[in-house]
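Here are the chains, one letter per residue:
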Amino acid sequence: MPGKASQPYSVEAIDWPATIHSALKSQRVRQVSYVPDAGHRRLIELCHADENMTAVPLTTEEEGVALAAGAWLGGERAALLMQSSGVGNCVNALTLASNCGFPLLIIVTMRGEWGEFNPWQIPMGQATPDTLRLAGVHTLRLERAEEASTTVTAAAQLAFGGYGAVAVLIAQRMIGAKSFGEEP
Amino acid sequence: MNDAGLDRRKVVAALLEQRDTLLVVAGLGSAAWDCTAAGDHPLTFPLWGAMGSACMIGLGLALAQPKRRVLVVTGDGEMLMGLGSLATIGAQRPGNLAVVVLDNERYGETGMQKTHTAYGTDLAAVASACGFADSRMIRGNAEIAAVRSGIHRDKGPLFFQVKVRPDALPLVLPPRDGAHLKHRFREALLGEGAAAQ
């Protein structure tokens, strides 16, 4: 794992991507689309390996907003995984959720907020919570690995039970700041 | 070359004739008006915005409903904004999805400005390169019956770029309340219990 020194909690004791995967399963999420991020690597692998899920790699994040709308029209639940830089790509597509009341569950790994090495990540990372708020997406912040399951479950209930657009923002501090020298 | 294009309203009316259980997503603008002119239907989801989204809504629907046929009808401008979705569909290869692009080589709602297809972009070639099972340019009315048959029967994903005339036609507008459009579609597809899910 990169950036161990910056992690305040013993994240390696908790396989939080696996707990998020389990939470998505228990919430009957069937389609999981993504633009990859290093922080989502294990969750993406788990979704690809899951016979009851369809993992959909996207060319750009807004595709996943539309995919989730189509899934709901067809009676299925979807989730969308991305890095915070992808939130800006989604803005106009998010009118689907706000106009039609489509449930939308987004899980965002944050960049540009904790020990960020790459200055190009900082503007969008810092603008991510407000961008989502302005686009009508409720945000839940996930800071501690042991709260991954409860936070994603709560977000899924808001989305699919409350017909809301909800994003879980996973703190960069929890994932570990990307350090190019130490990247696997 | 567009003088030789087909009549988009007649093309769509022919494609949606006896649509049976077909699920339809209509891209914003003229494609949505064409689908409405052919007969507003609860199993048509017309878009009024979110430009570039039509194909991906179709993919989500096709994955969720593998036993139903799904048709996306959209325009060349809308398709160009979501060009990456052709690669995403190519990676999933849903056998039950067809995309029809009504290509008038214009942005019809904004003053008939030329789109990239007027400058030579070959959308059917893009779809083919992205892994669609069949991808064709359609220029003649005689081919439309085969397109309709393919939409209902052939293994997808299918892509048809239909060259149509850049006509300014009377607006035939579908309902524009998105919540209503979503709800009526789900109820027609999933039954009355859909609202309780």
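Look a little higher up for the structure.
Quick caveat, the model's predicted, so the values are computed rather than measured. (Residues numbered from 1 in each chain as written. Chains lettered and ligands numbered in written order. Predicted model: local features only at pLDDT ≥ 70, side-chain atom pairs only at ≥ 80, totals over all residues.)

What follows concerns the overall build of chain B. For chain B, the count of helices and strands is 8 helices and 8 strands. Over its C-alpha atoms chain B spans a radius of gyration of 15 Å, differing by no more than 12% from the 16 Å that the globule rule assigns to 197 residues. By principal-axis analysis of the C-alpha atoms, chain B measures approximately 50 × 35 × 30 Å. Counting only residues that meet the buried cut, chain B has 49% of its 197 residues in that class. Taking the intrachain contacts of chain B between residues at least 6 apart in sequence as the baseline, contacts between residues at least 24 apart amount to 75%. (Helix = DSSP H or I, 4+ residues; strand = E, 2+ residues; numbered from the N terminus. Rg over C-alpha atoms; globule rule 2.2 N^0.38 Å. Buried ≥ 20, exposed ≤ 12 C-beta atoms within 10 Å, placed from the backbone. Contact = placed C-beta atoms within 7 Å.)

Let's shift gears to the interface of chain A and chain B. Tallying the contact residues gives 27 residues for chain A and 27 residues for chain B. Taken together, the elements giving at least two residues each to the side of chain A that touches chain B come down to β2 (54-57), α3 (62-73) and α4 (95-100) of chain A. Here the residues of the side of chain A that touches chain B are counted per class, giving 14 nonpolar, 11 polar and 2 charged. (Nonpolar A, V, L, I, M, F, W, Y, C, P; charged D, E, K, R; others polar.)

Quick look at helix α5 (residues 122-134) of chain A now. Residues and elements named next belong to chain A. Compared with an ideal rise of 1.5 Å per residue, which puts 13 residues at 18 Å, α5 spans 19 Å between its outermost C-alpha atoms and is within 8% of the ideal. At Thr128, α5 shows its maximal kink, close to 50°; a proline, Pro129, follows between one and four residues later. Turning to α5, the residues buried within the fold contact β4 (104-109), β5 (138-142) and β6 (165-170). The positive-phi residue at the C-terminal boundary of α5 is Gly136, with phi of around 85°. (Expected span 1.5 Å × (residues − 1). Bend = angle between axes of the 7 residues up to and from the residue.)

Looking now at the sheet that holds strand β4 (residues 97-103) of chain B. Residues and elements named next belong to chain B. An order of β2-β1-β3-β4-β8-β7 is seen for the 6 strands of this open sheet, with the pairing classed as parallel. In this open sheet, the two edge strands, each paired with only one partner strand, are β2 (44-46) and β7 (134-138). Strand-to-strand twist of the sheet, defined as the mean angle between neighbouring strand axes without regard to direction, takes the value 15°. Where β4 and strand β8 (residues 158-163) come together, 6 bridges link them in parallel fashion. By the bridge assignment, Ala98 is partnered in β8 with Leu158. (Pairing = 2+ DSSP bridges. Axes fitted to C-alpha atoms, helices over the stretch in contact; angles between N-to-C directions.)

Next up on the list: unusual backbone geometry. Following Gly156 of chain B, the chain continues into Pro157 of chain B via a peptide bond in cis, with omega recorded as 5°. Its identity as a non-glycine residue notwithstanding, Tyr163 of chain A has a phi of 50°, on the positive side. Within the secondary structure, Tyr163 of chain A sits in the loop between α6 (148-161) and β6. Look at Tyr163 of chain A and you get partly exposed, because 16 C-beta atoms sit within 10 Å. Residue Arg93 of chain B is not a glycine yet carries a positive backbone phi of 50°. Looking at where Arg93 of chain B falls in the secondary structure, it is placed in the loop between α5 (84-92) and β4.

With that settled, consider the environment of Leu59 of chain B. Position of Leu59 of chain B among the secondary structure elements: in helix α3 (residues 54-64). Look at Leu59 of chain B and you get buried, because 30 C-beta atoms sit within 10 Å. Sequence-wise, Leu59 of chain B and Thr88 of chain B are 29 residues apart; in three dimensions their C-alpha atoms are separated by 8.9 Å. Contact partners of Leu59 of chain B, with chain neighbours within four places excluded, come to Leu67 and Gly70 of chain A together with Thr88, Ile89, Gln92, Pro94 and Leu97 of chain B.

The next subject is the sheet that holds β5 of chain A. Residues and elements named next belong to chain A. Spatially, the 6 strands line up as an open sheet ordered β2-β1-β3-β4-β6-β5, and their pairing is parallel. Where the open sheet ends on each side, the last strands, each with one partner, are β2 and β5. Taken pair by pair, the neighbouring strands of this sheet meet at an average axis angle of 20°, ignoring direction. Where β5 meets β6, 5 bridges bridge the pair, whose relative direction is parallel. Across the sheet, residue Leu140 finds its bridge partner in β6, namely Val168.

Among the nonpolar cores identified, the biggest contains 115 residues, and Val65 of chain A together with Val100 of chain B are the most heavily contacted of them. The residues contacting Val65 of chain A, other than those within four sequence positions of it, are Leu80, Cys90, Ala93, Leu94, Leu96, Ala97 and Leu104 of chain A. (Core = buried A, V, L, I, M, F, W, Y, C linked by C-beta atoms within 7 Å.)

The subject of this paragraph is the environment of Val91 of chain A. By the secondary structure assignment, Val91 of chain A is in the loop between β3 (77-83) and α4. Between the C-alpha atoms of Val91 of chain A and Thr131 of chain A, which are 40 residues apart in sequence, the distance is 7.8 Å.

The next thing to look at is the packing of helix α1 (residues 8-15) of chain B against helix α7 (residues 144-153) of chain B. All names here are of chain B. α7 packs onto α1 with a crossing angle of 40° between their chain directions and a minimal axis gap of 9 Å. Classified by the angle between their axes, α1 and α7 sit oblique to one another. Handedness of the crossing formed by α1 with α7: right-handed. When α1 is examined against α7, the residues Val11, Ala14 and Leu15 are found in contact with a partner set consisting of Ile144, Val147, Arg148 and Ile151. Residues belonging to the contact of α1 with α7 are distributed by class as follows: 6 nonpolar, no polar and 1 charged. (Parallel < 35°, antiparallel > 145°, perpendicular 65-115°, else oblique. Left-handed = near helix turned anticlockwise from the far one by under 90°.)

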